[in-house]
Amino acid sequence: MNPSHVIGRSNVSRTTRTPGRITASGAGKLLTIRGAGAIVEVEAVGVPPGWGAPVYGKLDSELAAALMSINAAKGVEIGAGFAAAAFSGEENADEMRMGNDGQPLFLSNSAGGILGGISSGQPVVARVAFKPTSSILTLRRSLNEAGEEIDLRTKGRHDPCVGIRAVPVVEAMTACVLADAFLRHRAQTGGAVFVPGR
């Protein structure tokens, strides 16, 4: 994934609320007239191994369903996502070694922190593709109630790039899925209270 195409807290301008690759002078025109899509990446660090299930209640399927339920979402990737289809099995496999602290250490994270529907202890990484809004000032061809061809321009205040506002929504949906996974895990195993990073 090209980092310049990913919107996150680190590359959104505080003044224009646009991705860093869009200049402030061009942002208004680009976004107001044409609209823009976005890819929002979320990374959840500190998720312990063992959350999820191998068949029903798979952590990746629960996460994908929650992220796809966000308005204007059109696609979800977990880990390497669609790029994994071009990998060989050797390239895609997240190999392990023993770390200096005596804990298992993954050498890559193609799986996005979820293996076989269960968290691996690595960061859980997902990306959501958001479509550009169709509520734009450019004339668009359509039909009216009588079936007549018309040219339509949407007027009023609209978010020309929903991906910018979607960053905290993606984070919140991910947190909800992980909270559910924690509660299910605790109910099934009688585990103690989870403390992130421990």
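The structure reproduced in this document is the subject of the present report. These figures come from a predicted structure and were not determined experimentally. (Residues numbered from 1 in each chain as written. Predicted model: local features only at pLDDT ≥ 70, side-chain atom pairs only at ≥ 80, totals over all residues. Heavy atoms only, no water.)

This part is about the overall build of the protein chain. Scanning the protein chain from terminus to terminus reveals 4 helices and 10 strands. Counted from the first residue to the last, the protein chain has its helices and strands arranged as β-α-β-α-β-α-β-β-β-β-β-β-β-α. Expressed as a percentage of its 198 residues, the buried residues of the protein chain come to 32%. When contacts within the protein chain are restricted to residue pairs at least 6 apart in sequence, those whose partners lie at least 24 apart make up 64%. Of the roughly 12,300 Å² of accessible surface on the protein chain, 55% is carried by carbon and sulfur atoms. (Helix = DSSP H or I, 4+ residues; strand = E, 2+ residues; numbered from the N terminus. Buried < 20%, exposed > 50% of the residue type's maximum accessible area, 1.4 Å probe, protein only. Contact = heavy atoms within 4.5 Å. Areas by Shrake-Rupley, 256 points an atom, 1.4 Å probe, with all protein chains shown as cover.)

Mapping Pro48 onto the fold places it in the loop between strand 2 (38–44) and helix 2 (59–68). Along the chain, Pro48 and Phe182 lie 134 residues apart, while their C-alpha atoms are 9.2 Å from each other.

Phi at Ala72 is positive, roughly 75°, even though this residue is not glycine. Classification of Ala72 by relative accessible area gives partly exposed; the value is 22%.

What follows is about the pairing of strand 9 (residues 140–143). Relative to strand 10 (residues 149–152), strand 9 runs antiparallel, the two sharing 4 bridges. Within the sheet, the bridge partner assigned to Arg140 lies in strand 10 and is Leu152. Two successive antiparallel strands, strand 9 and strand 10, enclose a turn made up of 5 residues, where Gly147 displays a positive phi of approximately 85°. (Pairing = 2+ DSSP bridges.)

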